[in-house]
Amino acid sequence: LDLLTRMCPNDRAAIIMCKDNISTCYDNLQMYDAALALKRETYAAWLRLDGPTAENTIRAAMNISVVLARRDENIPEAKAFLGEVVPRSQKALGPDHIHTLQLRLLQGEMLFRAPDATLDDCLEAEIICEDVAKRYTRTFGATHPLTGVARSRLACAQQQLHIRRAKAELASDFSRLSPEDQALFPGLATGFAAGISCPKTKKGFEEMMRAAQQGNP
């Protein structure tokens, strides 16, 4: 980078690409803070050089999103950033462009991976991932590795949707119990407060609720 800056100071595109390659090395070494800082720098540079709708700029935005997605604490920022970049990519590059598909797939993943993901978030994630998987299949073929990645993300989204639906059903059933019956199951109440994450508990909880309603705790 130093040599390039000295020898070709006016070749801004080459300097930006060199910085991006360095940031990718940081990312591969799991030096995520350094990688993210340099990815932000290259994105800002492409914005100044090519504008917000250029392919280089959108690719740089995708690279930022990928690094943000490495850590759960960055998911809210990734969701907000993708919410701004995805429509721009769809309009500038088209819905079937690889960058648009990659951005949308990451957007779906951030929706269902968020610790506070709601049922609606998971529904939206499933819709996004399913559409992206269909577009990958149509554009690249059913056996392409990227199609396999999209289908894998779709399966994860569907799994999380199943979990959220089970939780919502359990919470609805539990809320119909009287306060006295609810008090018989403090562990269950605590589980709802903390967020039930395992759909396999549904059957056991339903049996406990039926027992409480029948007066057989």
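This one's a predicted model, so the numbers in the text were calculated from it and none came from an experiment.

Our focus in this paragraph is the packing of helix H5 (residues 75–93) against helix H6 (residues 98–113). Running from N to C, H5 and H6 point in directions that differ by 150 degrees, and their axes come no closer than 9 Å. One element, H5, and the other, H6, form an angle in the roughly antiparallel class. The way H5 lies across H6 gives a crossing that is left-handed. Contacts between H5 and H6 involve Ile75, Ala78, Lys79, Leu82, Gly83, Val85, Val86, Ser89, Gln90 and Leu93 on the former and, on the latter, His99, Thr100, Leu103, Arg104, Leu106, Gln107, Met110, Leu111 and Arg113. Among the residues making up the contact of H5 with H6, the classes are represented as ten nonpolar, six polar and three charged.

Attention shifts here to the pattern of salt bridges. One pass over the full model with this rule turns up 15 salt bridges. Notably, a salt bridge pairs Arg113 with Glu109, separated by 3.1 Å at the nearest N-O pair. Taken together, the positions of Arg113 and Glu109, both in helix H6 and four residues apart, correspond to about one turn of that helix. In this structure, Asp131 and Arg135 form a salt bridge, with 2.9 Å as the shortest nitrogen-oxygen distance. Of this pair, Asp131 and Arg135 both sit in helix H7 (residues 119–140), four residues apart, roughly one helical turn. With a relative accessible area of 18%, Arg135 lands in the buried category. Each of Asp96, Arg104, Asp131, Arg135 and Arg138 takes part in one network of salt bridges that share partners.

The subject of this paragraph is the environment of Val66. Residue placement: Val66 occurs in helix H4 (residues 55–68). Along the backbone, Val66 and Leu106 are 40 residues apart, and their C-alpha atoms lie at a distance of 7.6 Å.

Looking now at the packing of aromatic side chains. Under the defined criterion, the tally for this structure stands at two aromatic pairs. With 5.6 Å between their ring centres and 90 degrees between their planes, Tyr43 and Phe81 make a pair best called edge-to-face. Residue Tyr43 is located in helix H3 (residues 32–50), and its partner Phe81 is located in helix H5; the two are separated by 38 residues in the primary sequence. Phe81 matches Tyr43 in its accessibility class, with the two residues each being buried.

Secondary-structure assignment places Asp20 in helix H2 (residues 12–28). Its relative accessible area of 18% is what places Asp20 among the buried residues. Sequence-distant contacts of Asp20, defined by excluding residues within four places in its chain, comprise Lys39, Thr42 and Asn63.

The next subject is the nonpolar core. If you look at the biggest cluster of nonpolar residues, it comprises 40 residues, and the most contacted ones within it are Leu103, Met110 and Val132. Of all the secondary-structure elements, those providing two or more residues to this core are H3, H4, H5, H6, H7 and helix H8 (145–175). If we skip the residues at most four places from it in the chain, Val132 touches Leu101, Arg104, Leu105 and Ala150.

Here the focus is the packing of H6 against H7. It is the contact of H6 with H7, at a shortest axis distance of 8 Å, that shows an interaxial angle of 155 degrees. For the element pair H6 / H7, the angle class is roughly antiparallel. Seen along the crossing, H6 lies across H7 with a hand that is left-handed. Residue-level inspection shows Ile98, Leu101, Gln102, Arg104, Leu105, Gln107, Gly108, Leu111 and Phe112 of H6 in contact with H7, the latter providing Asp121, Cys122, Glu124, Ala125, Ile128, Cys129, Asp131, Val132, Arg135, Tyr136 and Phe140. Among the residues making up the contact of H6 with H7, the classes are represented as twelve nonpolar, three polar and five charged.

Below, the discussion takes up the side chain of Thr147. Within the secondary structure layout, Thr147 lies in helix H8. Judged by relative accessible area, which is 0%, Thr147 ranks as buried. Within polar-contact distance, the side chain of Thr147 engages the backbone oxygen of Tyr136 at 3.5 Å. In this view, Thr147 contacts Ala133, Tyr136, Thr137, Phe140, Gly141 and Ala142; residues no more than four positions away in its chain are not counted.

Thresholds, definitions, all that
Residues numbered from 1 in each chain as written. Predicted model: local features only at pLDDT ≥ 70, side-chain atom pairs only at ≥ 80, totals over all residues. Heavy atoms only, no water. Axes fitted to C-alpha atoms, helices over the stretch in contact; angles between N-to-C directions. Helix = DSSP H or I, 4+ residues; strand = E, 2+ residues; numbered from the N terminus. Parallel < 35°, antiparallel > 145°, perpendicular 65-115°, else oblique. Left-handed = near helix turned anticlockwise from the far one by under 90°. Contact = heavy atoms within 4.5 Å. Nonpolar A, V, L, I, M, F, W, Y, C, P; charged D, E, K, R; others polar. Salt bridge = Lys/Arg side-chain N within 4 Å of Asp/Glu carboxyl O. Buried < 20%, exposed > 50% of the residue type's maximum accessible area, 1.4 Å probe, protein only. Phe/Tyr/Trp six-rings, centres within 6.5 Å; stacked < 30°, edge-to-face > 60°. Core = buried A, V, L, I, M, F, W, Y, C linked by side-chain atoms within 4.5 Å. Polar contact = N/O pair within 3.5 Å; in protein donor to acceptor, adjacent residues only side chain to side chain.

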